[in-house]
Amino acid sequence: MQLLTPRPAGEKEVNDLRETGELRAATRMKIVLAAAFWPLIAGYALVAALFALVTALASISHFSVPGVLSAAGPGLLAAYQVPVTISGATLGVLPLLGTVVVGALVAGSAAHSAARLRYREPGQAVNVVAPIAATHALAGIAIALTVDSARVSVEPLTAFLVPGFVAALCAVAGVANRCGIIAAARAYLDPVALRGLRTGALGMAGLFAVGALVFTAGLTVSVHTAGTLFAGNAPGFGSGAGMLLLSIGYLPNAVIGTLSFVAGPGFSMGSVSLTPFSYRGGNVPGLPLLAGLPEHAARWWPVLMLLPAAVGMLVGWSLRNSDRDPRARLRTVGIAGALIGFGCVLLGTLAGGRLGNGSFGPVSIPVGLLSVAAFGWIVVPGGLVAWFAGPRRAAAPDAPEEPELASEPVDGVEELDEESDDEEPREEESFEEDSCEQEPGAEEPDNEDAEYEEAGDQEAGDRDTGDQEAGDEKVEAGEPLPSSEEPEQPG
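Residues numbered from 1 in each chain as written. Predicted model: local features only at pLDDT ≥ 70, side-chain atom pairs only at ≥ 80, totals over all residues. Heavy atoms only, no water.

To continue, consider empty space enclosed by the protein. Applying the stated criterion to the full structure yields one cavity of 30 Å³ or more. Quantified by volume, the largest cavity comes out at close to 40 Å³. Examining the composition of the lining of the largest cavity, we find that four residues originate from one element, helix H5 (residues 126-146), more than from any other. Looking at the lining of the largest cavity residue by residue, the class counts come to seven nonpolar, two polar and no charged. (1 Å grid on protein atoms, 1.4 Å probe; cavity = no way out; pocket = protein on both sides within 12 Å on 5 of 7 lines; lining within 4 Å. Points joined across faces, edges and corners; volume = space filled by probe spheres on them. Helix = DSSP H or I, 4+ residues; strand = E, 2+ residues; numbered from the N terminus. Nonpolar A, V, L, I, M, F, W, Y, C, P; charged D, E, K, R; others polar.)

Next up, the structure:
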């Protein structure tokens, strides 16, 4: 179990963190190299152990340690979806279960390495992903050059590119949450897109579950045929165990083929072609996994297409409350359908391939038609459910009627004009009162005051000038002023 369990942080790493708060360069390099080589070593050990078990249990095979170790290398490349040529026949239909296992090993190793390095930024993920991808690519080409022989051979360029690409994708998936890649992606995506992607992943799982359900039902009905294939093609306990392990490895491939059949496009294997509307028989491999293949067509097969439609309805039901605007809900359903269509392209490409040079190959899944069909089964029923089952956007309230104020602005203008006319005489009266509040016998105003009074008289008009002169005569004659305040008496 120590081989499959990541090692905890060592004492040296803890001391470095306590002293400086950072890991030394040598320690970081050690952690990265361990993350890069550990999935390769663990994967190679698992493949070698599996081959050793099958060889030891088989009754007609000879167990050899060097033979098992040399065969484990191409077996590891097959787990990374690298086609392997055996005795001149290319094996391109490779078990997807092995790919899932090595992908989980790479993702777990990358996540553990990022945690030990205390990485939190998206840019720091390159320090983990790049070494892992480079190591797997170099290991792939090294294995391809080492096992190149007349019996088993691998294309070096394919062995270099495919493992590096698969390892890079799995490593990114492993450090996505730890290094904040998911949080950074959320900052650039609106909530509608995020909800659509999340629901699309659930819808893809639902379609895969539909394929698994139909496949299980067909295999359950054909249990007797599966037992006959075990007895005829793998007699004995050891051979039966090897056949069982081989069938388990190709189980995801069979589920994806069944999904393509239920969605409508179907699949083909050599001369055999199977869709819900047509059937063409022929020879198939004697694998118990294929015991559920029918021998003739049935009229009720199109009814199975209601299952992917039900998944689409579930997608629409889960998005019925995502937004009050029905058009926004349709957009969310469209994003989910697009993700599911892309996922079907990827799975269909991995599930098919060449199956030697005999009459059983190639195994073909029309990925283009499968993508379009899956998109339609999700978007059409899901869009209808999301449109009619969700809340409707409330209509805009009617604008209140505005009262007629046609005459008010005119009256307001007249009032303002009257107030402005009233204010001007008040200023003149206050000026006259200030000018009249002088002590009797005081000196006459100087020239500047006289000039100021003359300028004010000219601006006020002839009437104001007459009033000003009358006031001056009263002051000189000593008569009482008309103002409310009496002038100050001299001391």
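Let's pick the thread back up.
Quick look at the sheet that holds strand E5 (residues 272-274) now. Strands sit in the order E6-E5-E4-E7 across an open sheet of four strands; the sheet is antiparallel. Looking along the sheet, the strands with just one partner apiece sit at the ends: strand E6 (279-280) and strand E7 (363-364). Relative to E5, strand E4 (residues 267-269) runs antiparallel, the two being bridged by three bridges. When the bridges of E5 are listed, Ser268 appears paired with Ser273. (Pairing = 2+ DSSP bridges.)

Let us look at helix H13 (residues 326-351). The terminal C-alpha atoms of H13 lie 37 Å apart, and with 26 residues this matches the ideal 38 Å at 1.5 Å per residue to within 8%. A positive backbone phi angle near 145° is found at Gly353, which sits one or two residues after H13. (Expected span 1.5 Å × (residues − 1).)

Another point: the packing of helix H8 (residues 191-221) against helix H12 (residues 306-318). Between H8 and H12, the least distance of the axes is 10 Å, while the angle of their chain directions is 155°. In terms of axis orientation, H8 runs roughly antiparallel to H12. Both H8 and H12 take part in a crossing whose hand is right-handed. Along the contact surface, H8 presents Arg195, Thr199, Gly203, Gly206, Leu207, Val210 and Val214, while H12 presents Leu307, Pro308, Val311, Val315 and Ser318. Taken together, the residues of the contact of H8 with H12 sort by class into seven nonpolar, four polar and one charged. (Axes fitted to C-alpha atoms, helices over the stretch in contact; angles between N-to-C directions. Parallel < 35°, antiparallel > 145°, perpendicular 65-115°, else oblique. Left-handed = near helix turned anticlockwise from the far one by under 90°. Contact = heavy atoms within 4.5 Å.)

In this section: the layout of surface pockets. The space that makes up the second largest pocket amounts to roughly 820 Å³. Around the second largest pocket sit 25 residues that line it, and Thr99, Val100, Leu346, Leu347 and Leu350 are the ones nearest its centre. Mapped onto the lining of the second largest pocket, the elements with two or more residues apiece are helix H4 (96-116), helix H6 (156-175), H8, helix H11 (251-263) and H13. Considering every element that reaches the lining of the second largest pocket, the biggest residue donor is H13, with seven residues. Looking at the lining of the second largest pocket residue by residue, the classes come out as 20 nonpolar, five polar and no charged.

This part covers the sheet that holds strand E3 (residues 152-153). An order of E2-E1-E3 is seen for the three strands of this open sheet, with the pairing classed as antiparallel. The open sheet is flanked by strand E2 (89-91) and E3, the only strands paired with a single partner. Sheet topology note: the strand E1 (residues 84-86)/E3 ladder contains two bridges and is antiparallel. Bridging across to E3, Thr85 finds its partner in Ser153.

Together, Leu46, Leu50, Leu53, Leu57, Leu97, Val100, Val101, Phe237, Leu244, Leu245 and Ile248 line one region of the surface with nonpolar side chains, adding up to about 920 Å² of accessible area. Secondary structure elements with two or more residues in the nonpolar patch: helix H2 (25-57), H4 and helix H10 (237-249). Within the fold, Leu97 resides in helix H4. Among the residues examined, Leu97 registers a relative accessible area of 32% and is labelled partly exposed. (Patch = residues over 30% accessible without salt bridge, like charges linked within 9 Å, V, L, I, M, F, W, Y side chains within 5 Å. Areas by Shrake-Rupley, 256 points an atom, 1.4 Å probe, with all protein chains shown as cover. Salt bridge = Lys/Arg side-chain N within 4 Å of Asp/Glu carboxyl O. Buried < 20%, exposed > 50% of the residue type's maximum accessible area, 1.4 Å probe, protein only.)

Let's shift gears to the packing of aromatic side chains. Taken as a whole, this structure holds two aromatic pairs when the rule is applied. An angle of 85° between the planes, with centres 5.5 Å apart, marks the rings of Phe261 and Trp301 as edge-to-face. Residue Phe261 is located in helix H11, and its partner Trp301 is located in the loop between E6 and H12; the two are separated by 40 residues in the primary sequence. We classify Trp301 as buried; its relative accessible area is 6%. A centroid spacing of 6.4 Å and a plane angle of 65° characterise the contact between Tyr279 and Trp301, whose relative ring orientation is edge-to-face. Of the two residues, Tyr279 sits in strand E6 while Trp301 sits in the loop between E6 and H12, which places them 22 residues apart along the sequence. The exposure class assigned to Tyr279 is partly exposed, which follows from its relative accessible area of 27%. (Phe/Tyr/Trp six-rings, centres within 6.5 Å; stacked < 30°, edge-to-face > 60°.)

All right, on to unusual backbone geometry then. Even without being a glycine, Gln81 presents a positive backbone phi close to 70°. Relative to the helices and strands, Gln81 is located in the loop between helix H3 (65-79) and E1. Unlike most non-glycine residues, Arg118 shows phi in positive territory, near 60°. Turning to its location among the elements, Arg118 is positioned in the loop between H4 and H5.

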